[in-house]
Amino acid sequence: MRHSLTARLTVTFVVITVACFSIVGMLLFKAVSRRIYVHDQTNIMLDARHLRRLAQELKSPDDVVTHQDRLITVVLGDDANGLRVFDHQGRLLIDHVPMGYDIPVKPVVPDDQRIVPESIQSWKDRNGAEIRGVATAATLKNGDSVTIAVARSLADRMALLAKYRSDVVLSLFTGLLIAVLLSYLLVRRALRPLRAMTESARAIHAQRLSTRMPLENAPTELLTLATSLNEMLARLEQGFARVWQFTVDLAHDLRTPIGNLRGANEVALNRHRSVTEYETLLGSNIEECDRVSRTIESVLFLARAESPQFALQRVALDTAQELHRIADYFEGLSSEANVALRVDASGSVQADRDLFRRAVNNLLSNALRYTPAGETIRMHASHTERGMDVFVENPGRGIDPEHLDKLFDRFYRVDRSRSDSANSTGLGLSIVKSIMELHGGSVSVQSQSNVTRFTLHFPDNTRSG
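Residues numbered from 1 in each chain as written. Predicted model: local features only at pLDDT ≥ 70, side-chain atom pairs only at ≥ 80, totals over all residues. Heavy atoms only, no water.

- Going by the annotation in an unreviewed UniProt entry, the name recorded for the chain is Sensor protein, with Dyella psychrodurans given as the source organism.
- UniProt lists a comment for the chain under the heading Catalytic activity (unreviewed entry), and it reads "ATP + protein L-histidine = ADP + protein N-phospho-L-histidine." (UniProt positions renumbered as here; feature names shortened; annotations may be inferred.)

1. Quick look at unusual backbone geometry
- Of note, the amide linkage connecting Lys106 to Pro107 takes the cis form, showing an omega dihedral of -5°.
- With respect to the element layout, Pro107 can be found in the loop between strand S2 (92-96) and strand S3 (108-109).
- We note that Asn338 has phi near 55°; this positive angle belongs to a residue other than glycine.
- The topology assignment puts Asn338 in the loop between helix H9 (331-336) and strand S8 (340-345).
- Its relative accessible area of 48% is what places Asn338 among the partly exposed residues. (Helix = DSSP H or I, 4+ residues; strand = E, 2+ residues; numbered from the N terminus. Buried < 20%, exposed > 50% of the residue type's maximum accessible area, 1.4 Å probe, protein only.)

2. What to know about the pairing of strand S5 (residues 130-139)
- Judged by how many residues are buried, S5 sits mostly within the fold: eight of 10 residues are covered.
- One ladder, built from two bridges, connects S3 with S5; its direction is parallel. Opposite Val109, over in S5, you have Thr136 as the bridge partner.
- Here strand S4 (residues 121-124) pairs with S5 via four bridges, running antiparallel. Bridge pairing links Lys124 to Glu130 in S5.
- Linking S4 back to S5 in an antiparallel pair, the connection comprises five residues, with Gly128 at a positive phi of about 90°.
- Direction of pairing for S5 relative to strand S6 (residues 145-153): antiparallel, over a ladder of nine bridges. Each bridged residue has a counterpart across the sheet, and for Gly133 the counterpart in S6 is Ala151.
- Connecting S5 to the antiparallel partner S6 that follows it, the hairpin turn spans five residues, and Gly143 within it adopts a positive phi of roughly 95°. (Pairing = 2+ DSSP bridges.)

3. Quick look at the side chain of Gln41
- As for its position among the elements, Gln41 is in helix H1 (residues 5-56).
- If we skip the residues at most four places from it in the chain, Gln41 touches Pro117 and Ile120. (Contact = heavy atoms within 4.5 Å.)

4. Side note on a positive patch on the surface
- Side chains of Arg188, Arg189, Arg192 and Arg195 sit close together on the surface and give a patch of like positive charge.
- For the positive patch, the elements supplying multiple residues, two or more each, are helix H4 (155-190) and helix H5 (192-202).
- Its relative accessible area of 39% is what places Arg188 among the partly exposed residues. (Patch = residues over 30% accessible without salt bridge, like charges linked within 9 Å, V, L, I, M, F, W, Y side chains within 5 Å. Areas by Shrake-Rupley, 256 points an atom, 1.4 Å probe, with all protein chains shown as cover. Salt bridge = Lys/Arg side-chain N within 4 Å of Asp/Glu carboxyl O. Lys, Arg positive; Asp, Glu negative; His and termini not counted. Charge placed at Lys NZ, Arg CZ, Asp CG, Glu CD.)

5. Points about the environment of Glu231
- Examined against the element boundaries, Glu231 turns out to sit in helix H6 (residues 220-269).
- Residue Glu231 is classed as partly exposed on the basis of its relative accessible area of 43%.
- Residues Glu231 and Arg255, spaced 24 residues apart in sequence, show a C-alpha to C-alpha distance of 36 Å.

6. What to know about the domain arrangement of the chain
- For the chain, the assigned domains read domain 1 (5-161), domain 2 (220-302) and domain 3 (311-459).
- Using only C-alpha atoms to locate each centre, domain 1 and domain 2 end up separated by 103 Å. (Domains from an automatic or database assignment.)

Spelled out as structure tokens, the structure:
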């Protein structure tokens, strides 16, 4: 069963309050009980000492009876007090016990021994009430000995403590009710910013990702949470925007070759064609199918590259050897375009061989597309303080600065004059960026009026000495 945060905090505060009230009440009860015990014990000792001194001034047991009022005065004023005096033969000389309880006369404190707290005895009457008292011997002037027994019933004290205990329990329950009410109101008020965040969160959906958590009047703990949620929403909004734009661009790029296929086939079916014309049509269709396949393959690669399960197979690569291998692969295309390839590299790098080749292939393919005939594309690599940098540099018309930051966006093309849509999917540079991010590195571009340079940076942790 789930409970709200308000209920949980309320219960927590109430439990703490009840625990504190209970502990304080128990400590106060024990302190009062102890105080009463010490007070009665002290009075009993003082009364016994005083009575022993008074008895020592009397001449005989008969004189004790004669002056009993004087002795009884010591314990007068409280009906719970009791006094009995016996002679050495056990004859009762004074009997003043208003409450009628029994007072034992053993053990007896000798008259030459000081009465101390340990001398006090405790027993119960027939009703179960506790009684405390002490019996002490006193020597009269004629040498006779009498036994003086002083006691006090604690029935009234027990009743007082019981009343005090009831008051404590009543106060505890009253405090409990007040604590429940105040805790609920205060917790509910304190969680008002959280409820506001909840209402804001309910209003968020795919079409309203611009909504943000309210930060006004939020406590420090919720401010951190709200800020984190707003940052997450901003990332989600950007991600949805990229997905939406990617979907639109992908649909646009797929629509063109599909439209070409359909249009060419419809034209061919309008009248009878020769074998040569049909062969030309089929060749054109194959080219469009290849274009669609390249787009789909690139999209799938980008999707796999963004998956957390994508694993690199890092090996030590000789950069000069790899760049020469790539240059050899593009020799036919470069010769056809009348563009020379030059490699100048040294050192090695820790990277996935296939992904390294694909990144450089994409950059070189892009460079070949925009390099004028008779020029040279330069590929070189060198160590830096931060790691290994691989460059692909080609001459030609530069790229305007406002386009540089967008070159690595998916399906982004500067303009039709720089985009061979028949051969380019618009995803090559995006793939290069994903490959470098997988390696923990980066890709950058610099373009001047007549030279464009792409740089692949592999950080130190991917570099091999």
